[in-house]
Amino acid sequence: MPVKLPFVLARRFVAAESLEGTLPILRQLCAEGLYVTVDRLGEYVHDRQQALATRDAYLGLIDVLANERDAGHLRDANISLKLSSLGQKIDPAFCLDNLRQLLEAARPRDVFIRLDMEGSDLTESTLQIFEQVYADYPDHVGPVLQAYLKRTARDVARMCQLKARVRLCKGAYKEPPDIAYQDMPTIRARFIEYMQQLLREGRYPGIATHDDLLIEATRRFAAAHQISSERFEFQMLYGIRPETQRALVAQGYRMRVYVPYGTEWLPYFYRRLRERKENVWFVVKHLFRR
């Protein structure tokens, strides 16, 4: 029988295992001038009933976030979701129908849905599904693009053409060298290239990075080209560099924090450990704290 790891290991990176436990954290972040995007963790679902349950949970999340915003507790709260949790690997048409139901609920409540990017086996499918719904919901859905994938140059150009709202990140999945750049200098160079194109030609991009070099490159480019801080936002993960998040807000930039919650936290937790050695040290330190 597999051993269930204690949630205490993940609590730096995951707000709570329930939405009820997450709401106070969302309210505190917004009270400090931050924006949030909320992700109910779960991915690579292969059971239709589980995918439908995920859809229904997101329908409830849309209502909760809209009500919290209307009551003045939250600021422009977004939702992030992985299409694989809605049945993308079962049947793309089934997944598309689930996503349309979410967007139909999100549009009248004015809640934006970000389609997280997953492993490269789902990249093309995710962008195809996005384009199938974008024409009907242009203000309420947008994709994520990963700078380390070699295909991303054409994807950025396409999203700029569509005027779609893009989140740009480096990429967190382990991918082979034939489809993804492996060395950090090249990944940073591609990120800067795409960031500049999105700021010039795109529509309110989210610049998602914890890398000081990329943050400063974005700030310099925006200043040099007189791009207002209201035309883009920085994005970071919950629990990573919170001081930097608040410092950027104090400097007049918009900062959105990606806040995950739920019981299916292990794959997300593993990616956070793999990304940064200091994350591993944080967990070890707290595991043995008396």
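Residues numbered from 1 in each chain as written. Predicted model: local features only at pLDDT ≥ 70, side-chain atom pairs only at ≥ 80, totals over all residues. Heavy atoms only, no water.

A.B. asks: Outline the UniProt feature "binding site: FAD" (unreviewed entry) in the chain, supporting the account with residue identities and numerical values.
C.D. replies: The positions UniProt marks with the feature "binding site: FAD" (unreviewed entry) are M117, Q146, K170, G171, A172, T209 and H210. On the secondary structure map, Q146 appears in strand β4 (residues 141-146). Excluding anything up to four places from it in sequence, Q146 contacts M117, E118, T152, C169, K170, G171, A172 and Y173. The residue K170 is located in the loop between β5 (167-169) and α6 (184-201) in this model. Ignoring sequence-local partners within four residues, the contact set of K170 consists of Q146, A147, Y148, M184, I187, F191, A208, T209, D211 and L214. (UniProt positions renumbered as here; feature names shortened; annotations may be inferred. Helix = DSSP H or I, 4+ residues; strand = E, 2+ residues; numbered from the N terminus. Contact = heavy atoms within 4.5 Å.)

A.B. asks: Would you mind going over the pairing of strand β2 (residues 78-82) in detail, with residue names and values included?
C.D. replies: Burial runs high along β2: five of the five residues are buried. What you see with β2 is no split at all: N78, S80 and K82 on one side and I79 and L81 on the other are buried throughout. Bridge count for strand β1 (residues 35-40) against β2 is three bridges, and the pairing is parallel. Its bridge partner being in β2, V38 is matched across the sheet by I79. Taking the sense of rotation as the criterion, the β-α-β connection linking β1, helix α2 (residues 48-70) and β2 turns out right-handed. As paired elements, β2 and strand β3 (residues 113-116) share four bridges and run parallel to each other. Looking at the pairing, L81 lines up with L115 of β3. Handedness of the crossover joining β2 and β3 through helix α3 (residues 92-109) is recorded here as right-handed. (Buried < 20%, exposed > 50% of the residue type's maximum accessible area, 1.4 Å probe, protein only. Pairing = 2+ DSSP bridges. Right-handed = clockwise from strand over helix to strand, strands pointing away.)

A.B. asks: Hey, could you go over helix α7 (residues 212-224) for me, with residue numbers and the actual values?
C.D. replies: Between the first and last C-alpha of α7 there are 18 Å, a value that for 13 residues agrees with the 18 Å anticipated at 1.5 Å per step. Residues of α7 that are buried: L214, I215, A217, T218, F221 and A222. Looking straight down α7, one finds that the buried residues subtend no more than 165° of arc, so they occupy a single side. Exposed side of α7, more than 90 degrees from the buried face: L213, R220, A223 and A224 are the residues found there. Buried-residue contacts for α7 involve α6, β6 (206-208), β7 (233-237) and α8 (242-250). The residue sitting at the N-terminus of α7 and contributing the capping side-chain oxygen is D211; that oxygen lies 2.9 Å from the backbone nitrogen of L213. (Expected span 1.5 Å × (residues − 1). Arc of directions from axis to C-beta. Polar contact = N/O pair within 3.5 Å; in protein donor to acceptor, adjacent residues only side chain to side chain.)

A.B. asks: Explain the sheet that holds β3 to me, using residue names and the numbers behind them.
C.D. replies: Within a sheet, adjacent strands bond to each other through the backbone by hydrogen bonds, running parallel or antiparallel. Spatial strand order, β1-β2-β3-β4-β5-β6-β7-β8: eight strands in a closed barrel with parallel pairing. If you compare each strand with its neighbour and ignore which way they point, the axes differ by 25° on average. Direction of pairing for β7 relative to strand β8 (residues 255-261): parallel, over a ladder of four bridges. The residue bridging L237 from the neighbouring strand is Y258, located in β8. (Axes fitted to C-alpha atoms, helices over the stretch in contact; angles between N-to-C directions.)

A.B. asks: Explain the packing of aromatic side chains residue by residue, including any values.
C.D. replies: Considering all chains together, one arrives at four aromatic pairs under this definition. With 6.3 Å between their ring centres and 50° between their planes, F232 and Y253 make a pair best called tilted. In this pair, F232 sits in the loop between α7 and β7 while Y253 sits in the loop between α8 and β8, placing the two residues 21 residues apart along the sequence. Each member of the pair, F232 as well as Y253, carries the same accessibility label: buried. The side chain of R165 reaches across the aromatic face of F112, ending 3.8 Å from its centre. (Phe/Tyr/Trp six-rings, centres within 6.5 Å; stacked < 30°, edge-to-face > 60°. Lys NZ or Arg CZ within 6 Å of the ring centre and 35° of its normal.)

A.B. asks: Describe the pairing of β7, naming the residues involved and giving the relevant values.
C.D. replies: Strand residues, when the strand is regular, have side chains that alternate between the two faces of the sheet. For β7, the tally of buried residues reaches five of five residues, placing the bulk of the element in the interior. Here β7 shows two buried faces, one formed by E233, Q235 and L237 and the other by F234 and M236. Here β6 runs beside β7; their pairing, made up of three bridges, is parallel. By the bridge assignment for β7, I207 is matched with F234. Note on the crossover from β6 through α7 to β7: the handedness is right-handed.

A.B. asks: How would you sum up the environment of Q146? Please name residues and give values.
C.D. replies: Residue Q146 is classed as buried on the basis of its relative accessible area of 3%. Separated by 45 residues in sequence, Q146 and F191 have C-alpha atoms that sit 8.3 Å apart.

A.B. asks: Account for the nonpolar core, naming residues and giving values.
C.D. replies: Core analysis: the biggest nonpolar cluster contains 70 residues, and I79, L81 and I113 have the highest contact counts within it. The residues contacting L81, other than those within four sequence positions of it, are D39, Y58, L86, L102, I113, R114, L115 and D116. Membership of the second largest hydrophobic core comes to 13 residues, among which are F13, Y258, W265 and F269. (Core = buried A, V, L, I, M, F, W, Y, C linked by side-chain atoms within 4.5 Å.)

A.B. asks: Summarise the confidence of the model for the chain; cite the residues concerned and give the values.
C.D. replies: Overall, the prediction assigns the chain a mean pLDDT of 92, with 92% of residues at 70 or greater. Note that residues 279-290 has pLDDT below 50 and, in this model, twelve contacts with residues that lie over four places away or in other chains. (pLDDT = per-residue confidence, 0-100.)

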